[in-house]
Amino acid sequence: MVATVVTVMSFTIFLGVVSADPDMLQDVCVADLASKAIVNGFPCKATFNETDFFFDGLAKPGLTNNTLGSLVTMANVQKIPGLNTLGVSLHRVDYAPFGLTPPHTHPRATEILFVLYGELHIGFITTANIFVAKTIKAGEIFVFPKGLVHFQKNVQNAPAAAIAAFNSQLAGTQIITTALFGAKPTVPDDVLAKAFQIDVDEVEMIKAKLAPKS
Ligand SMILES: *[C@@H]1O[C@H](CO)[C@@H](O)[C@H](O)[C@H]1NC(C)=O
Ligand SMILES: *[C@@H]1O[C@H](CO)[C@@H](O)[C@H](O)[C@H]1NC(C)=O
């Protein structure tokens, strides 16, 4: 009896620890992205066809002529309604020469990154502040555990590209710098000044650079 309870409890805890998106309860549940209903995910559309499971948006390189020299193109449930409840998605990341995907987290998914071409210096930081990094090239893979802060930097004077897979239909992306210095309404200057042990003017300077353009 005790053994059974302990087994059931450990199983429940185990499921809780490893779970990503919840499992589906039917074959398909194509997202009704226009629905006003609020549920965990999206309500299912009554009818669907092959277009709901198709997307060609990752076929071509994205434009990387921006400040950081990188562009993420997402193939998630917002682009492919058929992904709703299936627990997977992809991103394509394009990098200009020496381009950077700045430190960020995906709160809902582990990421596995495959380099299409070029060479990237990539790394993640554990909650014990251990920095795990490596330089990888075309055909190689690196893993970023769920929720941990990570980045990718193109180390060559040539374009690079990668495909990232996630165990979530909508992994979520929170860029650390813009979360802290570009939030709306703004995070108070004194909070950031004390946290980073810098002056309020320096906080204002960084905020001016990272404020959302609108
Ligand atoms: C698939 O359904 C959409 C509406 O969701 C419709 O616009 C489209 O024409 C349909 N495609 C085919 C091939 O039937
Ligand atoms: C990037 O290049 C595209 C196409 O050449 C152009 O339309 C766009 O304005 C450029 N963006 C920036 C930020 O320079």
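Please read all numbers here as calculations on a predicted model, not as lab measurements. (Residues numbered from 1 in each chain as written. Chains lettered and ligands numbered in written order. Predicted model: local features only at pLDDT ≥ 70, side-chain atom pairs only at ≥ 80, totals over all residues. Heavy atoms only, no water.)

What is the right way to look at the packing of aromatic side chains in this model?
For any pair of aromatic rings, geometry is given as the distance between the ring centres together with the angle between the planes. A complete count under the given rule lists five aromatic pairs for this structure. Ring centres 5.9 Å apart and planes at 70 degrees place the aromatic pair Phe48 and Phe53 in the edge-to-face group. Through successive ring pairs, a cluster of aromatic residues spans Phe124, Phe142 and Phe144. (Phe/Tyr/Trp six-rings, centres within 6.5 Å; stacked < 30°, edge-to-face > 60°.)

Would you explain the pattern of salt bridges in this entry?
Pairing of side chains with opposite charge becomes possible as their charged atoms draw close. Taken as a whole, this structure holds four salt bridges when the rule is applied. Across the pair Arg92 and Asp94 runs a salt bridge, and its minimum N-O distance is 2.9 Å. Taking relative accessible area as the criterion, Arg92 reaches 5% and is therefore assigned buried. The class for Asp94 is buried, based on a relative accessible area of 2%. Note that Glu140 is salt-bridged to Lys137, the shortest N-O span being 2.9 Å. (Salt bridge = Lys/Arg side-chain N within 4 Å of Asp/Glu carboxyl O. Buried < 20%, exposed > 50% of the residue type's maximum accessible area, 1.4 Å probe, protein only.)

What's the story with the site of ligand 1 in this structure? I'm lost.
Around ligand 1, the neighbouring residues are Lys45, Asn49, Glu50 and Thr51. A distance of 2.5 Å is found between an oxygen atom of ligand 1 and a side-chain nitrogen or oxygen belonging to Asn49. Here ligand 1 loses 31% of its free accessible area of 370 Å² to cover by the protein chains. In terms of residue class, the shell around ligand 1 is made up of no nonpolar, two polar and two charged. (Near = heavy atom within 4 Å. Polar contact = N/O pair within 3.5 Å; in protein donor to acceptor, adjacent residues only side chain to side chain. Areas by Shrake-Rupley, 256 points an atom, 1.4 Å probe, with all protein chains shown as cover. Nonpolar A, V, L, I, M, F, W, Y, C, P; charged D, E, K, R; others polar.)

Honestly, the domain arrangement of the protein chain in this entry has me stumped. Any pointers?
In many analyses, interface size is given as the accessible surface area lost on bringing the parts together. As assigned here, the protein chain comprises domain 1 (2–181) and domain 2 (182–214). Here the C-alpha centre of domain 2 lies 27 Å away from the C-alpha centre of domain 1. In this assembly, five residues from domain 1 lie in contact with 10 residues from domain 2. Between domain 1 and domain 2, a total of about 660 Å² is buried, with carbon and sulfur atoms accounting for 72% of that surface. It is Thr178, Leu180 and Phe181 that lose the most area in domain 1 upon contact with domain 2, and together they represent 88% of the buried surface on that side. Connecting domain 1 to domain 2 are zero salt bridges. Linking domain 1 with domain 2 are two residue pairs in polar contact (both at pLDDT 80 or more), by the criterion used here. Residues of the side of domain 1 that touches domain 2, tallied by class, amount to three nonpolar, two polar and no charged. (Domains from an automatic or database assignment. Contact = heavy atoms within 4.5 Å. Buried area = accessible area lost by both parts, 1.4 Å probe.)

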